[in-house]
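The residues making up each chain are set out below.
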Amino acid sequence: IPGRVTFEMNTISVSDQYIIAGDVGNATGDVDFVGEVIIGGSVSDDFNVKAGKSLTIKGAIGGKCAIESAGDMAIGGGMSSNGSGTIRCGGELNARYLDGVNVECRKNVFVKNEIVNCNIKSGGTIKVDIGSIVGGQYLALRGIEAKGIGSESGVRTVLTVGICYITAAKIEEL
């Protein structure tokens with residue numbers, strides 16, 4: 001049985017859940033786990049997290065990180081990067097904000113505040129609840145929604161809908 005072996009009260013058990021109470025950083029190193037990962041704090045810059053199932057990060061994510069989950073992903077804070085940070089999500093992605101991040105998400109991308117200068121590919125919808133999408137490139141199979149798109153200063157913001165990024169990549173390989 002894949003998972004994390006624990007020994008508590010004279011009992012050995014295997015859990016498919018890995019809980020880190022604080023931050024991911026020097027004390028923990030990178031995280032690569034076959035099951036669900038729950039991080040009670042933030043992920044420091046230059047550290048990577050990979051979950052074989054869902055991933056929950058209650059804090060924010062540093063800029064130069066690679067974050068990946070086979071299932072849904074929830075980021076209580078957000079991620080701010082200069083284009084070197086990546087998120088790969090096999091389910092739905094929920095975050096407070098995304099700034100300068102490269103995202104591939106098989107289902108919907110829901111962001112509460114804003115998306116700035118990102119490259120996001122979604123197999124579902126990209127939706128910003130209360131803010132705008134400014135700068136970057138966005139591709140979503142089922143649509144893109146936000147209170148505002150682009151900016152008055154003319155920052156290049158490219159939206160493409162109705163195309164599945166997975167199928168498009170396979171066609172491009174041919």
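Residues numbered from 1 in each chain as written. Predicted model: local features only at pLDDT ≥ 70, side-chain atom pairs only at ≥ 80, totals over all residues. Heavy atoms only, no water.

Engineer: An account of the overall build of the protein chain is requested, with residue identities and associated values reported.
Structural biologist: Across its full length, the protein chain holds one helix and 16 strands. Against the 2.2 N^0.38 benchmark of 16 Å for 174 residues, the protein chain shows a C-alpha radius of gyration of 17 Å, consistent with a compact globule. Projecting the C-alpha coordinates of the protein chain onto the three principal axes gives extents of approximately 65 × 35 × 25 Å. Burial status across the protein chain gives 39% buried among its 174 residues. When contacts within the protein chain are restricted to residue pairs at least 6 apart in sequence, those whose partners lie at least 24 apart make up 5%. Between the mean site of the 16 positive side-chain charges and the mean site of the 19 negative ones, the protein chain shows a separation of 5 Å. (Helix = DSSP H or I, 4+ residues; strand = E, 2+ residues; numbered from the N terminus. Rg over C-alpha atoms; globule rule 2.2 N^0.38 Å. Buried < 20%, exposed > 50% of the residue type's maximum accessible area, 1.4 Å probe, protein only. Contact = heavy atoms within 4.5 Å. Lys, Arg positive; Asp, Glu negative; His and termini not counted. Charge placed at Lys NZ, Arg CZ, Asp CG, Glu CD.)

Engineer: Any chance you could break down the side chain of T125 for me, citing the residues and the numbers?
Structural biologist: Position of T125 among the secondary structure elements: in strand β12 (residues 125-128). Owing to a relative accessible area of 14%, T125 belongs among the buried residues under this scheme. Leaving out residues up to four positions away in the same chain, T125 has contacts with N108, V109, R142, G143 and E145.

Engineer: Describe in detail the nonpolar core, supporting the description with residues and values.
Structural biologist: V43, I67, I87, L93, L98 and I115 are the most contacted members of the largest nonpolar core, which totals 37 residues. Examining the composition of this core, we find that six residues originate from one element, strand β10 (residues 93-105), more than from any other. When sequence neighbours within four positions are dropped, the list of residues in contact with I67 reads V43, V49, L55, I57, I61, M73, T86, I87 and R88. (Core = buried A, V, L, I, M, F, W, Y, C linked by side-chain atoms within 4.5 Å.)

Engineer: Help me get a handle on unusual backbone geometry, residues and values and all.
Structural biologist: One non-glycine residue, M9, lies in the positive phi region at around 50°. Take M9: it is sitting in the loop between β1 (4-8) and β2 (11-15). You can call M9 exposed: its relative accessible area is 79%. Positive phi, normally seen in glycine, also occurs at N117, with a value near 50°. Among the secondary structure elements, N117 is positioned in strand β11 (residues 109-122).

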